[in-house]
Structures are given as structure tokens and as C-alpha cells.
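Descriptive analysis of the structure
Listed here are the chains, written in short residue letters.
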Amino acid sequence: MAEQLKAIKGMNDILPPESARWEWLESKVRALMARYGYQNVRTPIVEPTDLFVRGLGEVTDIVEKEMYSFEDSLNGDKLTLRPEGTAGVVRAINEHTFLYEGGKRLYYIGPMFRHERPQKGRYRQFHQVGAEAMGFHGPDVDAELILMVAALWKDLGIQIGSDVRLQLNSLGQPQERLAHRQALVQHFESHQDLLDDDARRRLHSNPLRILDTKNPAMQPVVESAPKLMDFLGEESLAHFDAVRSVLDAVGIPYEVNTRLVRGMDYYNLTVFEWVTDRLGAQGTVCGGGRYDGLIEQLGGKSAPAVGWGLGMERLLLLLQELGIEPPSAAPDAFAVVMAGAPLAAVLATVEGLRDRGVHVQLNPAGKDGPASPKSQFKKADASGAQYALVFGPDEVAAGQVSVKPLRGEGGQQTARPIADVASWADELKAYRRS
Ligand code: ATP
Ligand code: MG
């Protein structure tokens, strides 16, 4: 046998029945976006490396150690598999002067790539849903974006408070961060001995990043660090309060976490994360915030923006953890074909039903004709179908098919005319769960 090839470590295949959970989640997301007026954008998976270096910040986990970067061997261009979605969307709206007529609300769904150590909830190819509102100063839009995620939790049956919690912070404006930065450097310098290598390296390049550490040993020194919140001016505080008051008015509980900084440098003012205790260390399901400087920083005309990214694998793990499953994808009917039944008539009938929206599964015949009725009924039952459509040679000759209920509440077995499927097709859909 030829040698088998394997998928790349940390990059997963998504096969049925698992793929049905993905499609279900995606349909919930698309319905959510429609409700809030967010339009779909699709940008390339490969972008110039520079986009992420300039966009996310050189001293970030992603740019320092997680990017899949390579040289295009055909022309020497430096390319990167996108590690996140925002930078590419900003590049696209700049390139197409897309904010020319005013603000835009956009969303994307797609794969992202980070060279991390694969583990539960952390992969090298993973998928994000992201929403971005560009050209709006907020804070109403900041609140809207947070409320959208809360609405998604509700749509999926996830409880806010017990299953997921909202953490909120404000990173203020660059000049406010500068004053905080000095205090931060002073604090960490006076505790040099408590810093790990990463922190020491970042002390003078990007001390705010130190607050984002995942090293438990660093927690005390991070805990006692000066809080950015104490350095915010009136305007920044007013923005933060406005976001909070919308959340209060709608009744979405949150915790102010003054240490929440997020992993990218582009954020200012509002930042937030939706976290869960049910996925161990991979507890952040969704994170986002305002990034008013990024559009200009990437060469566009200055415009404010705010958005979030949600990890779909983590959300699906959480749903599984909570026992939340999509409705059954079972067919409405399963066609059982007896030996001798004319296949053309069977297929024409099945096609007529499908044409009317009935989900019909048909067991393909083998080399020697149809499988035994017993084996076909077993498959019909396993398919979860409500009905079996039994095509026997005599019945088909008489222009009929038997509709046999396979589980409770399906009514009596009846013979139906195959020449007039329109008169009974809808009955087959009556037990479908959606
Ligand atoms: P973490 O702190 O867990 O590394 P992050 O801050 O790097 O997450 P973001 O860059 O904010 O994550 O991405 C948004 C969301 O994408 C995360 O909250 C998470 O749900 C998901 N995510 C990020 N990295 C991965 C990954 N390697 N595998 C699976 N999901 C991921
Ligand atoms: Mg990360």
C-alpha cells in the first residue's frame, strides 16, 4: 500500500457528523449578523507579512513567535498566513476606500493560522467569526458589538454569568498609556527579580504586554502593578462609562478587569473578553475592542473602529461541555427499494419529493442490486428518518409507494400515489426538528 499522508499537526479535518455542528453555528452567526446589519467580507488568507508586523505590533506573541511566514519562491515576496482577521479587513477597506461614504459594519468567518503548541482549544489552524464596525466613534457601537455577542449566547442557549462572563476594561488613549507606561516600567524595574525572560525582554519595548502574561509565577507582580484605569482622563472615562451604562440598561452583567490588555497593540479605549471557566487555560472565547488608530497606521484615512473575534473551536467545545447540540439533521424519509422495483420510477418519485423540500435519503444499490429489506430497514432506522418509503415491484406497478412510520407519532402505514407526490409530500416534513 502507498504511504499515507497526514494533516499538519494542529490543523484539523472537520468531518460529518462534527461538520453539522459547524454549519449550525455558522447559520446562527449569519442570522445574528443579519439582525444587526453586519455585512460579510471575505479577504485573502495570505497577506504581506508587513501587514501584521505593522498592524499587530512587533512585540506581540503573534508577531514574535506565532506567525506562519514564508517567502514566495516565485518572486521573493514575504507572505504570512493570516493569524487574525482585523488587519486584513483594514487593508481591504483602505485599498478600496471603502469608508468613503461613511461607516460600515462588517463580519467574516474563516480560518486563522498561528504556530502555537496544539492542545484542547488551541490549534495551528483555527476559525474565527469576527465583527468590525468601522467609521463610528461609539460608545454606542462598542456596546452594540458586545450586545451582539450576548445575543449569540442567548441564541445558542449559553447562560451569561454561569457559562460565560464578560470582562471589560479601557485602555484609554496613547498619551494616557504613555504616563502609565512610565509608572509600569518603574514598578517592574523595582521587581526585576520576579520577572521571567519574556517580561525582561519586553520591559522597555512593550511593558503593557507584560500584563498579558500567562505565567502563573508572574501573577503577584502583575497584580500589584499600577492600573491604567487610574491614568485615564475625563474623555476616556466618559467613553467607558457610556459603554457601561448601555450594558447596565440592557441588563448584561460584566466585571471590570483593569488588567485586561488583549494580545494586539492596536487597541485603545474599550477592550473586552467573554471568558468561560469550562475550558481550562483556553478560557477566552471572544475578545475585542476599539482600535481607532489602526486604519491610519496602515495607510488609510484616519477613522475610528471597533470589533471582536470569536474562536469557533472554543465555542463548539463549550457548547459540547454544556450538552448543547444542534437539532437533528435526520432525513424526513428513507427510501427502501425492494429487488425488482424499477429504479427509474423510484428515483423520479424521490426527486419529486426533494423538489418539494422533503429530505430523502436513498440507499444505493450494490453490484448485485438492492440490499436485503432487513438491512435497508436497519439503515432507515439508523438514519433517524421519521418515515420509510417502501418501493416494492408490485406497488410501483400499481403506481404506489408505502409510507411506513418508523417511530412513534408517525400515524398508520399508507399507500400513496407516486404520480401525485404533491398531494402528500408536505406530510413527510411534519416531524422535522429545526
Ligand atoms: P489566548 O490568550 O487564548 O492565546 P488570544 O488573545 O491570542 O487568545 P485573540 O487573538 O484575541 O486570542 O483571538 C480571538 C479568539 O480566537 C480567542 O479568544 C480564542 O477564542 C480564539 N483563538 C486564538 N488563538 C487560538 C488558537 N490557537 N486556537 C483556537 N482558538 C484560538
Ligand atoms: Mg494567543
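Shown above is the structure to which this text applies.
Residues numbered from 1 in each chain as written. Chains lettered and ligands numbered in written order. Predicted model: local features only at pLDDT ≥ 70, side-chain atom pairs only at ≥ 80, totals over all residues. Heavy atoms only, no water.

Some remarks on the sheet that holds strand β11 (residues 305-311)
The test is simple: Strands are treated as partners if at least two bridges between them are detected by DSSP. For helices the rule is a DSSP run of H or I covering at least 4 residues; for strands it is a run of E covering at least 2, with both sets numbered from the N terminus onward.
Taken together, eight strands build an open sheet; the order of strands is β1-β5-β6-β11-β10-β9-β7-β8 and the sheet is mixed. Where the open sheet ends on each side, the last strands, each with one partner, are β1 (39-40) and β8 (255-256). Taken together, the seven bridges between strand β6 (residues 125-134) and β11 define a ladder with antiparallel strand orientation. Bridge pairing in β11 places Val129 opposite Leu310.

Structural notes on the sheet that holds strand β15 (residues 400-405)
This is how the line gets drawn: Lines fitted to the C-alpha atoms define the axes, with helices restricted to the stretch that makes contact. Angles between their N-to-C directions range from 0 to 180 degrees. Contacts are assigned to residue pairs with any non-hydrogen atoms lying within 4.5 Å of each other.
Taken together, five strands build an open sheet; the order of strands is β13-β12-β14-β15-β16 and the sheet is mixed. Since the sheet does not close on itself, it has two edges, and those belong to β13 (360-362) and β16 (414-417), each with one partner. Averaged over all adjacent pairs, the angle separating strand axes in this sheet is 30 degrees, with direction ignored. The sheet contact formed by β15 and β16 spans four bridges and is antiparallel. For Gln400, the partnering residue across the bridge sits in β16 and is Pro417. Its contacts with the sheet place helix α13 (residues 343-355) against β12 (333-337), β13 and β14 (387-391), and it is angled at close to 155 degrees to β13. In the packing of helix α14 (residues 373-382) onto the sheet, the strands contacted are β12, β14 and β15, and the crossing angle to β12 comes to about 175 degrees.

Side note on helix α6 (residues 174-189)
Formally: A helix's residues, less one, multiplied by 1.5 Å, set its expected span. Relative accessibility decides the category of a residue: with a 1.4 Å probe and only protein chains considered, values under 20% of the type maximum give buried, values over 50% give exposed, and everything between is partly exposed.
Between the first and last C-alpha of α6 there are 22 Å, a value that for 16 residues agrees with the 22 Å anticipated at 1.5 Å per step. What α6 keeps buried is the set Glu176, Arg177, His180, Ala183, Leu184, Val185, His187 and Phe188. Buried residues along α6 sit in contact with α8 (207-210), α9 (219-223), α10 (234-250) and β9 (268-275).

Details of the packing of helix α2 (residues 49-56) against helix α4 (residues 86-95)
Note the threshold: Angle categories: roughly parallel below 35 degrees, roughly antiparallel above 145, roughly perpendicular from 65 to 115, and oblique for all the rest. Ten residue types, Ala, Val, Leu, Ile, Met, Phe, Trp, Tyr, Cys and Pro, are classed as nonpolar, four, Asp, Glu, Lys and Arg, as charged, and the remainder, Gly among them, as polar.
Across the interface, α2 lies against α4 with an axial gap of 10 Å and an inter-helix angle of 105 degrees. The angle between α2 and α4 falls in the class roughly perpendicular. Touching Leu51, Phe52 and Leu56 of α2 are Ala87, Gly88 and Arg91, all from α4. Here the residues of the contact of α2 with α4 sort into four nonpolar, one polar and one charged.

Some details on the environment of Ala305
Topologically, Ala305 is positioned in strand β11. Given a relative accessible area of 0%, Ala305 falls into the buried group. Separated by 15 residues in sequence, Ala305 and Arg290 have C-alpha atoms that sit 5.8 Å apart. Look past the residues within four positions of Ala305 in its chain and what remains in contact with it is Ala133, Met134, Phe136, Arg290, Tyr291, Asp292 and Ile295.

Some details on the site of ligand 1
Stated formally: A cutoff of 4 Å decides nearness: a residue is near a molecule or strand if any of its heavy atoms lies inside that distance of it. As used in this structure description, the phrase polar contact means that two N or O atoms lie within 3.5 Å; if the pair is within protein, one of them must be able to donate a hydrogen and the other to accept it, and residues adjacent in sequence are counted only when both atoms belong to side chains. For the accessible areas, the method is Shrake-Rupley and the probe is 1.4 Å, while residue cover comes only from the protein chains on display.
Taken together, 16 residues lie around ligand 1, and Arg114, Glu116, Arg122, Tyr123 and Arg262 are the ones closest in. One nitrogen or oxygen atom from the main chain of Thr284 is found 2.9 Å from an oxygen atom belonging to ligand 1. Note that an oxygen atom of ligand 1 is positioned 3.1 Å from one of the backbone N or O atoms of Val285. In isolation ligand 1 exposes 590 Å². Once the protein is present, 93% of that is buried. At the level of secondary structure, the elements contributing two or more residues to the shell around ligand 1 comprise β6, β10 (284-290) and β11. The leading source of residues in the shell around ligand 1 is β10, at three residues.

What about the packing of helix α1 (residues 18-36) against helix α12 (residues 312-321)?
Helix-helix packing is described using two parameters, namely the angle between the two axes and the distance between the axes. Axis separation between α1 and α12 bottoms out at 11 Å; the angle between their running directions is 105 degrees. The angle between α1 and α12 places the two elements in the roughly perpendicular class. Counting all contacts with α1, which are made through Arg21, Trp22, Trp24, Leu25 and Glu26, the residues of α12 involved are Met312, Glu313, Leu315, Leu316, Leu319 and Gln320. Classifying every residue of the contact of α1 with α12 gives seven nonpolar, one polar and three charged.

All quantities given are derived from atomic positions and should not be read as evidence of function.
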